[in-house]
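Read off the chains here:
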Amino acid sequence: MTDLTFRAATADDIPALIELVTSAYRGDASRVGWTTEADILDGERIDAESILVQLQRPRSVILVAERDGRMQACCHIADEDGHGYFGMFAVSPAAQGGGIGKRVMQEAERHVAKQWQLPAMQMTVIDCRDELIAFYERRGYARTGIKKPFPYGDERFGIPRRDDLRFEVLEKPLDARA
């Protein structure tokens, strides 16, 4: 089995990105992995228009990880207000638990630190996702205590199955020498 290769996504990747992200977070297929949001959100997780916006934005990259020519994982990184932003992170449910997610995060952090010389990476996580937050904490991210409201009524973020959702900002300092 070959190792992972990384590349920047293009507009041609949009259908595969939608399929990957949806499979990791929504519907019964997502229950194969541990990242599912199926118990807290219904609806779409991502759409073609929002992906295209990120692909066209300056200092914004959708990073794709492939093995044997097949997309295994992705994430979106961007320069936001002087720090890196990490989002749209998805690993194929069948490939979860094998270290691919850790490798994708390392590659994203390397890019943000070395290419953009940014001092930190931030992300937002739904604050009731304790297992997911613990995963990020094991990778050096810390809870900042900064909470952001969940965008109820905006179906681009999903259809909530509960009324207590909100985001928390996690942050990790980066070392450009690493």
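One structure accompanies this document, and this report is about it.

Basis of the calculations
Residues numbered from 1 in each chain as written. Predicted model: local features only at pLDDT ≥ 70, side-chain atom pairs only at ≥ 80, totals over all residues. Heavy atoms only, no water. Phe/Tyr/Trp six-rings, centres within 6.5 Å; stacked < 30°, edge-to-face > 60°. Lys NZ or Arg CZ within 6 Å of the ring centre and 35° of its normal. Helix = DSSP H or I, 4+ residues; strand = E, 2+ residues; numbered from the N terminus. Polar contact = N/O pair within 3.5 Å; in protein donor to acceptor, adjacent residues only side chain to side chain. Contact = heavy atoms within 4.5 Å. Buried < 20%, exposed > 50% of the residue type's maximum accessible area, 1.4 Å probe, protein only. Pairing = 2+ DSSP bridges. Expected span 1.5 Å × (residues − 1). Salt bridge = Lys/Arg side-chain N within 4 Å of Asp/Glu carboxyl O.

Here's the deal with the packing of aromatic side chains
Turning to step 1, where the next piece is worked out: Under the definition given, this model contains five aromatic pairs.
Turning to step 2, where the next piece is worked out: Taking the centre distance of 5.5 Å and the plane angle of 65° together, the rings of Phe135 and Tyr136 count as edge-to-face.
Turning to step 3, where the next piece is worked out: Three or more aromatic residues joined by ring pairs form one cluster here, namely Phe86, Phe89, Phe135, Tyr136 and Tyr141.
Turning to step 4, where the next piece is worked out: The ring of Phe135 is capped by Arg139, whose NZ or CZ atom sits 4.1 Å from the centre of that ring.

Some points on the side chain of Gln122
Turning to step 1, where the next piece is worked out: By the secondary structure assignment, Gln122 is in strand β6 (residues 120-126).
Turning to step 2, where the next piece is worked out: A distance of 2.9 Å separates a polar atom in the side chain of Gln122 from a polar atom in the side chain of His83.
Turning to step 3, where the next piece is worked out: Apart from residues lying up to four places away in sequence, Gln122 is in contact with His83, Gly84, Tyr85, Phe86, Val169, Leu170 and Glu171.

Structural notes on the environment of Glu49
Turning to step 1, where the next piece is worked out: Relative to the assigned elements, Glu49 resides in helix α2 (residues 48-56).
Turning to step 2, where the next piece is worked out: On the accessibility criterion, Glu49 (62% relative accessible area) is exposed.
Turning to step 3, where the next piece is worked out: Separated by 35 residues in the primary sequence, Glu49 and Ile14 place their C-alpha atoms 9.2 Å from one another.

Side note on the pairing of strand β5 (residues 83-91)
Turning to step 1, where the next piece is worked out: Among the nine residues of β5, nine are classified as buried, and the element is accordingly described as predominantly covered.
Turning to step 2, where the next piece is worked out: With seven bridges connecting them, strand β4 (residues 70-80) and β5 associate as antiparallel partners. Paired with Ala73 across the bridge in β5 is Val91.
Turning to step 3, where the next piece is worked out: Counted along the chain from β4 to the antiparallel partner β5, the turn is two residues long, and its residue Asp81 has a positive phi close to 55°.

Here's the deal with helix α3 (residues 100-114)
Turning to step 1, where the next piece is worked out: For α3, built from 15 residues, the straight-helix expectation of 21 Å at 1.5 Å per residue is met to within 8% by its first-to-last C-alpha distance of 21 Å.
Turning to step 2, where the next piece is worked out: Of all the positions in α3, only Ile100, Gly101, Val104, Met105, Glu107, Ala108, Glu109, His111, Val112 and Ala113 are classed as buried.

A closer look at the pattern of salt bridges
Turning to step 1, where the next piece is worked out: For the structure shown, the criterion picks out eleven salt bridges.
Turning to step 2, where the next piece is worked out: Between Arg103 and Asp3 there is a salt bridge, with the nearest N and O atoms lying 3.1 Å from each other. Linking Arg103 in helix α3 with Asp3 in the segment before β1 (5-8), this pair joins segments that are 100 residues apart in sequence.
Turning to step 3, where the next piece is worked out: Arg103 sits in the partly exposed class, given a relative accessible area of 29%.
Turning to step 4, where the next piece is worked out: Residue classification places Asp3 among the partly exposed positions, given a relative accessible area of 48%.
Turning to step 5, where the next piece is worked out: One salt bridge in this structure joins Glu109 and Lys172, with 3.0 Å as the shortest N-O distance. Here Glu109 is found in helix α3, whereas its partner Lys172 is found in strand β9 (residues 166-173), with 63 residues between them in sequence. Grouping residues by exposure puts Glu109 and Lys172 together as buried.
Turning to step 6, where the next piece is worked out: Several salt bridges converge on common partners, so that one network encompasses Asp127, Arg143, Lys147, Arg166 and Glu168.

The values are spatial; any link to function lies outside them.
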